[in-house]
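Report on the structure
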Amino acid sequence: MKKAVKQSPLELLFLGSGNGFAPGRNFSSFLLDGRILFEPSPTSLPFLKKRGIPLHQIDYVFVSHFHGDHCFGLPFLFLDHYFVTRRERPLTIIGQKGTRKFSNQLMEMAFPKTRKRYAKNFPVVFQEVGPGRTCSLKELTFTAYRMYHAPTAVLGFRIVYKKRRLAYSGDTGPCAGLLKLIQGVNVAILEMSSLKDDYPSHLNRQNILDIRKILPSESRLILTHLPFLTAGQKKALRENPYGALDLAEDGKVFQLD
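As the structure is a prediction and not an experimental result, all values here were calculated from the model.

Conventions we followed
Residues numbered from 1 in each chain as written. Predicted model: local features only at pLDDT ≥ 70, side-chain atom pairs only at ≥ 80, totals over all residues. Heavy atoms only, no water. Core = buried A, V, L, I, M, F, W, Y, C linked by side-chain atoms within 4.5 Å. Buried < 20%, exposed > 50% of the residue type's maximum accessible area, 1.4 Å probe, protein only. Helix = DSSP H or I, 4+ residues; strand = E, 2+ residues; numbered from the N terminus. Polar contact = N/O pair within 3.5 Å; in protein donor to acceptor, adjacent residues only side chain to side chain. Axes fitted to C-alpha atoms, helices over the stretch in contact; angles between N-to-C directions. Parallel < 35°, antiparallel > 145°, perpendicular 65-115°, else oblique. Contact = heavy atoms within 4.5 Å. Nonpolar A, V, L, I, M, F, W, Y, C, P; charged D, E, K, R; others polar.

**Examining the nonpolar core**
Of all hydrophobic cores here, the largest spans 27 residues; its most connected members are L12, L32, F62, F142 and F157. By residue number, the principal contributor to this core is strand 9 (residues 155-161), which donates four residues.

**Digging into helix 7 (residues 205-214)**
Taken together, the buried positions of helix 7 are occupied by N207, I208, L209, I211 and R212. Of the residues that open helix 7, the one with a side-chain oxygen 3.1 Å from the backbone nitrogen of Q206 is N204.

**A word on the packing of helix 3 (residues 74-83) against helix 4 (residues 99-110)**
Interhelical geometry of helix 3 versus helix 4 gives an angle of 75 degrees and a closest axis separation of 9 Å. Judged by the inter-axis angle, helix 3 sits roughly perpendicular to helix 4. Of the residues in helix 4, those touching helix 3 at L74, P75, F78, L79 and Y82 are S103, L106, M107 and A110. In the contact of helix 3 with helix 4, the residues fall into eight nonpolar, one polar and no charged.

**Considering the environment of P54**
In this fold, P54 is placed in the loop between helix 1 (44-51) and strand 4 (60-62). Judged by its relative accessible area of 31%, P54 is partly exposed. Put simply, P54 and R35 are 19 residues apart on the chain and 9.5 Å apart in space, counted from C-alpha to C-alpha.

**Brief notes about unusual backbone geometry**
Looking along the chain, the bond that leaves A150 and enters P151 is cis, with omega of 0 degrees. With phi around 40 degrees, A22 is a residue other than glycine that occupies positive phi space. Located in the positive-phi region is S201, a residue other than glycine, with phi close to 65 degrees. By secondary structure assignment, the location of S201 is in the loop between strand 11 (187-191) and helix 7.

In structure tokens:
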């Protein structure tokens, strides 16, 4: 009888873990397996450079929505690829409908006329999707879900990559789409912008505990987009009676079995 081949763990590196006010943290952004970037925040590129992470190895960028703390790093990512990092294969940018137009407009505002002159140096593909759509790319499959972040349109993504199922919420309050997003996942990466109900259309501590109750115990739950938390508040979150919680920190690495 053949022994089951044990999969090597995936690496999840947080480039930032803060909410829109970035209280002592970089803006929330993370890199999966060195190849899949979630949220090109304004602080993501400096972190990648500081860590010496090769940009040409990143193949996919997921953008949940168009708020600045989640995507205003795009012009600098483009600029680096125009003049510094040469790519042999395209970078695929994945987001809701309008992502291409928004990205090009953002680049034009940041560095007028640069894109038109130098875009030939940067092979890029945009994959625009709507809620409920499942797409298969070369090495991963993902499904987009509508989140609740009124009045802004947000997509959460459930990704199947190397036989693991990961969910990322983007910014959202409690909603039916969020419950669908986390069904059957090995790892859920969710925002928690405050401990109490300080921000509309975001998740707070009680929302997270309610989700932890319904997630299977073997499913991992990692929190990002966080406020400032004292050592006591972090301890109380981790030691809740409903199940394990992991808290992202800037530069923290999680090994995903």
